[in-house]
Amino acid sequence: SSAGGAPNDYGVISNYVDGSNIETENWLISPAMDLTAGDSPVLNFDNAYNYGGPALELYASVDYDGTSNPNDQGTWLPLSATWSSGGFTWVNSGDISLEGVIGTNVHIAFKYTGSASDGSTWELDNIVIRG
């Protein structure tokens, strides 16, 4: 678990490239999942960040087609999580209820936005759905 220290492998997103911030919007979207068989499914993950910029956003969808631009297709329900306080301090998201998105075609998405003047670096690890 990364919450107790630095993990070995984890996902990183940043819009800081070669000494400059680059305006960007990126989505990390899971494959389709069938959550109809479980009891009270929850999402859980570890996260850390540093630097200024918009917070990472978390969404779920039951009708995304898996390939289109997520800004144009699919209904995305915002989800709340416990987020890192910065300084690359790892924290656990807590158990995030997915009861509002139970279906046979569920996608979970992390949305990152950075501007030409600022941006954070986010790190994600141990992403698990259970229940």
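One can find the structure itself at the top, above this paragraph.
The rules behind these values
- Residues numbered from 1 in each chain as written.
- Predicted model: local features only at pLDDT ≥ 70, side-chain atom pairs only at ≥ 80, totals over all residues.
- Heavy atoms only, no water.
- Helix = DSSP H or I, 4+ residues; strand = E, 2+ residues; numbered from the N terminus.
- Rg over C-alpha atoms; globule rule 2.2 N^0.38 Å.
- Buried < 20%, exposed > 50% of the residue type's maximum accessible area, 1.4 Å probe, protein only.
- Contact = heavy atoms within 4.5 Å.
- Phe/Tyr/Trp six-rings, centres within 6.5 Å; stacked < 30°, edge-to-face > 60°.
- Pairing = 2+ DSSP bridges.
- Salt bridge = Lys/Arg side-chain N within 4 Å of Asp/Glu carboxyl O.
- Core = buried A, V, L, I, M, F, W, Y, C linked by side-chain atoms within 4.5 Å.

**Q** For the overall build of the protein, give the residues involved together with the corresponding values.
**A** A tally of regular secondary structure across the protein gives zero helices and eleven strands. Listing every helix and strand of the protein by position from the N terminus yields β-β-β-β-β-β-β-β-β-β-β. Against the compact-globule benchmark of 14 Å for 131 residues, the protein has a radius of gyration of 15 Å, which places it among compact chains. Counting only C-alpha atoms, the protein reaches 45 × 35 × 20 Å along its principal axes. When burial is assessed residue by residue, the protein has 37% of its 131 residues classed as buried. For the protein, the share of sequence-separated contacts (at least 6 apart) that also reach a separation of at least 24 residues comes to 83%.

**Q** So what's going on with the packing of aromatic side chains? Residues and values would help.
**A** Geometrically, a pair of aromatic rings is defined through the distance of the ring centres and the angle of the planes. Within this structure, the stated rule accounts for nine aromatic pairs. Where phenylalanine 45 meets phenylalanine 110, the ring centres are 5.0 Å apart and the plane angle is 90 degrees; that geometry is what we call edge-to-face. Of the two residues, phenylalanine 45 sits in strand β5 (residues 42-50) while phenylalanine 110 sits in strand β10 (residues 107-114), which places them 65 residues apart along the sequence. This pair shows no difference in class: phenylalanine 45 is buried, exactly as phenylalanine 110 is. When the centroid spacing of 5.4 Å and the interplanar angle of 80 degrees are considered together, the rings of tryptophan 83 and tryptophan 122 count as edge-to-face. Residue tryptophan 83 is located in the loop between β7 (77-78) and β8 (91-92), and its partner tryptophan 122 is located in strand β11 (residues 121-130); the two are separated by 39 residues in the primary sequence. A residue is classified by how much of its surface remains accessible, and tryptophan 83, at 25% relative accessible area, is partly exposed.

**Q** Tell me what's going on with the sheet that holds strand β6 (residues 57-61), and back it up with residues and numbers.
**A** Pairing between the strands of a sheet is mediated by backbone hydrogen bonds and can be parallel or antiparallel. Strand order across the open sheet formed by four strands is β4-β10-β6-β7, with antiparallel pairing between neighbours. Looking at which strands have only one partner, the edges of the open sheet turn out to be β4 (24-29) and β7. For β6 and β10, the ladder comprises five bridges, and the chain directions are antiparallel. By the bridge assignment, alanine 60 is partnered in β10 with isoleucine 108.

**Q** Break down the pattern of salt bridges for me, with residues and values.
**A** Opposite charge on two side chains permits pairing when their charged atoms draw close. Counted by the stated rule, this structure contains two salt bridges. For lysine 111, the salt bridge identified is with glutamate 25, shortest N-O distance 3.8 Å. Note that lysine 111 is positioned in strand β10 and glutamate 25 in strand β4, a separation of 86 residues in sequence.

**Q** Before we move on, can you summarise the nonpolar core with the specific residues and values?
**A** By size, the foremost hydrophobic cluster in this structure holds 18 residues, and its most contacted members are Leu43, Phe45, Leu58, Ile96, Leu98 and Ile108. At the level of secondary structure, the elements contributing two or more residues to this core comprise β5, β6, β10 and β11.

**Q** Now, about the environment of aspartate 34: what can you tell me, with residues and values included?
**A** Here aspartate 34 is to be found in the loop between β4 and β5. With relative accessibility at 48%, the residue aspartate 34 sits in the partly exposed group. A sequence separation of 69 residues divides aspartate 34 from glycine 103, and the C-alpha atoms of the two residues are 6.0 Å apart. Once you skip the residues sitting within four places of it in the chain, aspartate 34 turns out to touch Gly103 and Thr104.

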